[in-house]
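# Chain and residue survey
Letter by letter, the chains look like this.
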Amino acid sequence: PSILVTDSNTIRVWYLPDALSPKRRADIWNHLHLLREPLQESIKASSQAWRMDKSYFCEDAELKGAINLSPAWFQQGRGVASWLLKSRTENTSTREWVDQMSDTNALLSAILHVIHPRMYADGREALIRLGKQAEQWADSDMSSMYSSMSMMVNRATCYHRDINGWDPWYDMLVTMGNYLPLDFVIPMLNLWLRYNPGTIIAFSGSALEHGVGAVDSDRACLAYYMHANMHQSVHVPMCQSPRMDDLLPRPVATGELLI
């Protein structure tokens, strides 16, 4: 495990190899089969929307596609979030997937609480406020402090930046599957990180261009992130990048409850 820190003591990247156990990785992969239909339907023949372009997906893969899930679909704009979580009666397999992933989502939220405590607190507050406004939040609790997630199954990722976030925030990427050695590349830092199954990488996807090559065997990535416009819609301040000082133990006031 390692971090990349700037001259100003700002933490830009967390690299956590083998963060997830083999059993958890296998469970996550198996649960993805619940989403086989929406994943397959997501693939298009388009040179403009590269994330769904069929040329980026492994041709021979049994399971492939890319979809977005968010209980905050309206606040984030209907074009960037999937409707798969909205209905009470439809998409039961999607809701079952959310239930099966609740422990893993909670674990990743706990990791965020450690590596970027301000972002965790702001994300929690945003979702509390959203819950008071949007009925669909009660329908589809993802057990995560992140307001959105995407899953990419058997897809290569060209170099890009993610445009909907906020530079000081971390996106959290989780990779799993059974594939040959692969690298996660941040070219502007000349950084090549071994991207083995079970690895978690937390970094600013909007500030740092990044990409991942193709594989011939099964691989999936879960990407957790927040949208700036959702925080703005519920009037939650946008926190700054975490610094080393933010991770130091702080004095606990008498009677204070730590949770």
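Placed above this text is the structure.
What counts and how
- Residues numbered from 1 in each chain as written.
- Predicted model: local features only at pLDDT ≥ 70, side-chain atom pairs only at ≥ 80, totals over all residues.
- Heavy atoms only, no water.
- Helix = DSSP H or I, 4+ residues; strand = E, 2+ residues; numbered from the N terminus.
- Buried < 20%, exposed > 50% of the residue type's maximum accessible area, 1.4 Å probe, protein only.
- Arc of directions from axis to C-beta.
- Contact = heavy atoms within 4.5 Å.
- Polar contact = N/O pair within 3.5 Å; in protein donor to acceptor, adjacent residues only side chain to side chain.

This next bit is on the environment of alanine 121. You can see alanine 121 is positioned in helix H5 (residues 117–133). In this structure alanine 121 comes out as partly exposed when scored by relative accessible area, which is 40%. Residues alanine 121 and methionine 145, 24 residues apart in the sequence, show an inter-C-alpha distance of 8.5 Å.

Within helix H1 (residues 22–31) the residues assigned to the buried category are Arg25, Ile28, Trp29 and His31. Along the axis of H1, the buried positions cluster into a sector of 165°, meaning they face one direction only. Within H1, the exposed residues directed more than 90 degrees away from the buried face are Pro22 and Lys23. Residues of H1 that are buried in the fold lie against helix H3 (92–100), helix H4 (102–115), strand E4 (148–153), strand E6 (171–177) and strand E11 (219–225).

Following the sequence through the fold, serine 42 ends up in helix H2 (residues 36–42). At 2.5 Å, the side chain of serine 42 forms a polar contact with the backbone oxygen of leucine 39. Contacts of serine 42, omitting those with residues within four sequence positions, involve Met52, Gly65, Ala66 and Ile67.

By themselves, these observations are geometric and do not establish any function.
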